[in-house]
Amino acid sequence: MADPTVVVDNLHVVYRVYGAGGNKGTAATSLMRLVKRQRRVSIREVHAIRGISFVVNHGDVVGVIGRNGSGKSTLLRAIAGLLPAEQGAVYTSGQAALLGVNAALLDDLTGERNVVLGCLAMGMPPAEVKTRYPQIVDFSGVGSFIDLPMRAYSTGMAQRLRFAIASAKSHEILMIDEALATGDASFRTKSHNRIKELRDEAGTVFLVAHNLGEIEQSCNRVIWMEAGQILRDSDDVTGVIDEYLAATGGEPRHREQARL
Ligand SMILES: Nc1ncnc2c1ncn2[C@@H]1O[C@H](COP(=O)(O)OP(=O)(O)OP(=O)(O)O)[C@@H](O)[C@H]1O
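Going by the annotation in an unreviewed UniProt entry, the name recorded for the protein chain is ABC transporter ATP-binding protein, with Trebonia kvetii given as the source organism. As stated in UniProt under Sequence similarities (unreviewed entry), the record for the protein chain gives "Belongs to the ABC transporter superfamily."

Structure, rendered in structure tokens:
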């Protein structure tokens, strides 16, 4: 029997960019503003998700594909509760965790403090943080840098630590942004293996990737987004990927390469 874990109901998400040059007005109105020393507050709205609805069940591994800017990351962020709905709603059966590269690390704190705070923020009990700590540091491979403030880390080191923290806990609803696969080759392999384990532990998984081979291999359902809307939502993953490749002019070998 179907066991829904995520319900997205007519979801709309709008970004508001302040000071982004909306309507500039006429030269006369600009002059009047200067004379009156008024500042023009211009707001530009980006309607990133435009009325999306779907239901995902326990056990589903959903691949989200689409061109750059089609709204994939925005959709995941909204499901994770990181972005408010302008209209509509998202219902989840538990906390949806976005295992992305965006987890905030505090630059002025040491790696060690960030690990502890990050784990606590994910809801890990303090005793578990203590036992998990050595594994997390070991996985990140940052070595003795763990005692230094994050400011002193290279971009790759910070990403590795961020991944090590985010992946230390299994999640009921797990969302993975492909941008995760960062760092050098050996760390990429390590992180891919860890993602596989997390996927097996999670009840429901969303996977955003331009890597179509990865989606084809691991997903039982695919959602194709275009300009903030769903173009296809199907369990014929291979069929939709073929259609997507034909529409975007991608080459089938991208899929083969991705399998390696
Ligand atoms: N913080 C933001 N402020 C304003 N607009 C944004 C912001 N983030 C994304 N957008 C816009 O929202 C739309 C959807 O972006 P989103 O990042 O969700 O797309 P995506 O499909 O994940 O793209 P990509 O494949 O490049 O990662 C785009 O038009 C983008 O310019």
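**Student:** What am I meant to see in unusual backbone geometry here?
**Tutor:** Phi is mostly negative for residues that are not glycine, and the peptide bonds are mostly trans. With a phi close to 45 degrees, Asn10 is a non-glycine residue in the positive phi region. Within the secondary structure, Asn10 is located in strand β1 (residues 4-18). For Asn10, a count of 12 C-beta atoms within 10 Å translates into the label exposed. Even without being a glycine, Ala227 presents a positive backbone phi close to 50 degrees. Turning to its location among the elements, Ala227 is positioned in the loop between β8 (221-226) and β9 (229-234). Judged by the 13 C-beta atoms lying within 10 Å of it, Ala227 falls in the partly exposed class.

**Student:** Hey, could you run me through the site of the ligand in this one?
**Tutor:** In the neighbourhood of the ligand, the contacting residues comprise Tyr15, Val17, Val46, Ala48, Gly66, Asn68, Gly69, Ser70, Gly71, Lys72, Ser73 and Thr74. Looking at the shell around the ligand, the elements that each hand over two or more residues are β1, β2 (43-57) and α2 (72-79). Of the residues contributing to the shell around the ligand, the split by class is four nonpolar, seven polar and one charged.

**Student:** What is the right way to read the packing of helix α4 (residues 126-140) against helix α5 (residues 155-166) from this model?
**Tutor:** Packed helix pairs are characterised by how far apart their axes lie and by the angle those axes make with each other. Two elements in contact, α4 and α5, have axes whose closest approach is 8 Å; the angle formed by their N-to-C orientations is 145 degrees. Between α4 and α5 the crossing geometry is right-handed. Residues Ile136, Phe139 and Ser140 of α4 pack against Arg160, Leu161, Ala164 and Ile165 of α5. Across the contact of α4 with α5, the residue classes tally to five nonpolar, one polar and one charged.

**Student:** Help me understand the sheet that holds strand β3 (residues 61-66) in this model?
**Tutor:** Where strands meet in a sheet, backbone hydrogen bonds hold them as pairs that are either parallel or antiparallel. Ordered by their spatial adjacency, six strands build an open sheet running β5-β6-β7-β3-β8-β9, and the pairing between neighbours is mixed. Only two strands of the sheet have a single neighbouring strand rather than two, namely β5 (96-99) and β9. The sheet shows a mean angle of 20 degrees between the axes of neighbouring strands, taken without regard to direction. The pairing of β8 with β9 spans five bridges and is classified as antiparallel. Bridged to Trp224 within β9 is Arg232.

Thresholds, definitions, all that
- Residues numbered from 1 in each chain as written.
- Predicted model: local features only at pLDDT ≥ 70, side-chain atom pairs only at ≥ 80, totals over all residues.
- UniProt positions renumbered as here; feature names shortened; annotations may be inferred.
- Helix = DSSP H or I, 4+ residues; strand = E, 2+ residues; numbered from the N terminus.
- Buried ≥ 20, exposed ≤ 12 C-beta atoms within 10 Å, placed from the backbone.
- Near = placed C-beta within 6 Å.
- Nonpolar A, V, L, I, M, F, W, Y, C, P; charged D, E, K, R; others polar.
- Axes fitted to C-alpha atoms, helices over the stretch in contact; angles between N-to-C directions.
- Left-handed = near helix turned anticlockwise from the far one by under 90°.
- Contact = placed C-beta atoms within 7 Å.
- Pairing = 2+ DSSP bridges.

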